[in-house]
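# Working through the structure, step by step
Residues per chain, in single letters:
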Amino acid sequence: MISTRKILAHCLALAVIGLSSSCQQKTKKVETPSQNTGERWSETRINAWYDEQDWLVGANFAPSSAINQLEMWQADTFDPQLIDQELAWARDLGFNTMRVFLHDLLWEQDAQGLIKRVETYLDIAESHSINTMLVLLDDVWNPYPQLGKQPEPKPHVHNSGWVQSPGHEVLVDSTQHKKLEDYVKGVMTHFKDDKRVLIWDLYNEPGNGNGNSYGEQEPENKSVHSLKLLKKVYAWAREVNPSQPISIDVWTSINKTLDQMSDIDKFAYENSDVINFHCYANAEATAKMVERLAESNRPLFCTEYMARSVSSTFQEILPIFKKHKVAAYNWGFVSGKSQTIYPWDSWQKEYTDEPDLWFHDIFRTDGTPYKTEEVEFIKSIVKETAQEQGGSMEFQVDANLEDWGKYNYLFGLSDPWVLKGKDQTHFDFTATPEHFYFYFKTIDHTPTEVDYVNERSLLWADRVELFFSADKELSEYYGAEMTPDKQVLDFKASFPRNIDHGWDFETLTLATKKLDDGYIVEGSISRKELESFGITNEFYFGVFRADFHGGRKVNWYAKTIPDTPKADFHVPSAFAKTYLND
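What follows covers helix 6 (residues 104-127). Taking 1.5 Å of rise per residue, the 24 residues of helix 6 would be expected to cover 34 Å, yet its terminal C-alpha atoms sit only 27 Å apart, more than 12% below that figure. Maximal helix bending in helix 6 amounts to about 120 degrees, located at Asp-110. Summarising burial for helix 6: 17 of the 24 residues are buried, a large majority. Count one or two residues on from helix 6 and you reach Ser-129, which has phi positive near 60 degrees.

Below, the structure written as structure tokens:
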């Protein structure tokens, strides 16, 4: 989990330096094949793109504190700390993507503020190796959205506060569509080459009449108005010509053949780069829908499924999606203000307490699962699939070490100065395309803690250490010295001992666990940060440990023994040539 300090620092930096500067720093360019503006991606191009993706599994995401899109994103209620916490739970499941809704009124209210907050969200998601599908418009639930403080949930009612984008008045009045064009093009242009954004969903369930909730407040012939707007939005998106695919929901065709689709679903099917569909149905109906849509010869993305009372469950549906490599986004993640643990019929039927069978959602607000066996199943099928496909399954940094095999495994660090022998430290590291992962499991019968005042206090604490350099001369090297209490003394330096302790790693993530006879430190650093040090594959690496015995009596241990008369790890001979990609 990234630190509160770094989230707040990022937000403050964005506020101080202004939008143009933040965009320059955070927009991440990707190379794409040349393509004329306005063209649907060819089958060859979209399938080549999809072949590069691991099996995509995630959820529709809004933090549990938000009743709707507006409460998620407005400045007064945007909650990066909670988002960070809940996305950490998602990553622990093995989720690698999330579907996230924006709203046109947020752009109208404060376009620059919205962009800054989306930047913050994407940074947090990226820190958990989660990419994002952004949804621009939505025809579901309340047709009269209003900015400002959002209402409290109606007790025990499913999605009682979710709002449409655009609202009723803008949808039916084409003279107001210009501001929607500004919103769609503005957001897409800013993020059109951003690798953190996986794909675009232009319009969620266009034409939804919301018959069981707000049907009487909907315009006549809503689907006609929605299709007209949809065609405009599609044209605007193609004008932007993003490097990511675009899609529109096929959402009313669970039991329909391709020639029976509604006009809206047909437009979505014929114009999306990937086939984006919704399917709240049992395994048999879901499998048949997948087979029909697969006739497109395009990747399939199921962006809504999982409603337990209609037999759309993880255990029944995910094996079908795995078999056909269908990207899977269930509805609902942490039970909160959306109240989607209640079924759709809660709009007609009174509920007075939590239902025994949750409709959507996976976790309670304290992070405990609704069903432990369900969570274990998700973890298992995602991990198995990554192993079968030879994929780059990212590790969960939790100090449990369940993800680890033996990669660059080492048992025992050496102390040639005092003990003249080895300790019983287990150490390993590995690298994926996104992260460098490591762990220490150390035996320590004399745990020593210090009163923390600042990072320099840790000089007298038990700790494990990693040093990195792009060259053997140590013209520039970087260190992280990590305690069992998850404290870090980090620095940037150059040989000989020109050390800047005011420098900090930006992406170092840690988890620690104290054991009866020692401790575990597990962590990760992004490959991008290592690349900024000049490290892409070959580098020089130091692995060390300090074991204090009260006061300042200490034993020093190293993987590579330096040619010095006493322990000194800030010399070239303490580093060994190593490779990230071996």
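Attention shifts here to the confidence of the model for the protein. Across the protein, the average pLDDT comes to 91, with 93% of residues at or above 70. Throughout residues 1-35 the model reports pLDDT below 50, and contacts reaching past four residues in sequence, or to other chains, amount to 62 contacts.

Our next topic: the packing of helix 9 (residues 222-240) against helix 10 (residues 263-271). Helices that pack against each other are described as a pair by the angle of their axes relative to one another and the distance between those axes. Interaxial distance between helix 9 and helix 10 falls to 10 Å at its minimum, and their mutual angle equals 15 degrees. Relative to helix 10, helix 9 is oriented roughly parallel. For the element pair helix 9 and helix 10, the recorded crossing hand is right-handed. Residues Ser-223, Ser-226, Leu-227, Leu-230, Lys-231, Tyr-234 and Arg-238 of helix 9 touch helix 10, and the partners they reach there are Asp-263, Ile-264, Phe-267 and Asn-271. Class assignment for the residues of the contact of helix 9 with helix 10 results in five nonpolar, three polar and three charged.

In this section: the nonpolar core. Met-98, Tyr-121, Leu-202, Phe-277, Phe-321 and Phe-333 are the most contacted members of the largest nonpolar core, which totals 89 residues. With 10 residues, the single largest contributor to this core is helix 6. Apart from residues lying up to four places away in sequence, Phe-277 is in contact with Val-250, Met-289, Val-290, Leu-293, Leu-300, Phe-301, Cys-302, Thr-303, Glu-304, Phe-321 and Val-326. Judged by nonpolar contacts, the second largest core, of 29 residues, contains Phe-436, Phe-440, Tyr-478 and Phe-541.

As a further point, take the pattern of salt bridges. Close approach of charged atoms allows side chains of opposite charge to pair. Counted according to the given criterion, the structure contains 29 salt bridges. Of the charged contacts, one joins Asp-273 and Arg-238 as a salt bridge, the two residues approaching to 2.7 Å between their closest N and O atoms. Pair noted here: Asp-273 is in the loop between helix 10 and strand 7 (275-278) and Arg-238 is in helix 9, with a separation of 35 residues, a long-range link. Note on accessibility: Asp-273 and Arg-238 belong to one class, buried. When salt bridges with common partners are traced through the structure, they connect Arg-99, Asp-201, Asp-249 and Glu-304 into a single cluster.

What counts and what doesn't
Residues numbered from 1 in each chain as written. Predicted model: local features only at pLDDT ≥ 70, side-chain atom pairs only at ≥ 80, totals over all residues. Heavy atoms only, no water. Helix = DSSP H or I, 4+ residues; strand = E, 2+ residues; numbered from the N terminus. Expected span 1.5 Å × (residues − 1). Bend = angle between axes of the 7 residues up to and from the residue. Buried < 20%, exposed > 50% of the residue type's maximum accessible area, 1.4 Å probe, protein only. pLDDT = per-residue confidence, 0-100. Contact = heavy atoms within 4.5 Å. Axes fitted to C-alpha atoms, helices over the stretch in contact; angles between N-to-C directions. Parallel < 35°, antiparallel > 145°, perpendicular 65-115°, else oblique. Left-handed = near helix turned anticlockwise from the far one by under 90°. Nonpolar A, V, L, I, M, F, W, Y, C, P; charged D, E, K, R; others polar. Core = buried A, V, L, I, M, F, W, Y, C linked by side-chain atoms within 4.5 Å. Salt bridge = Lys/Arg side-chain N within 4 Å of Asp/Glu carboxyl O.

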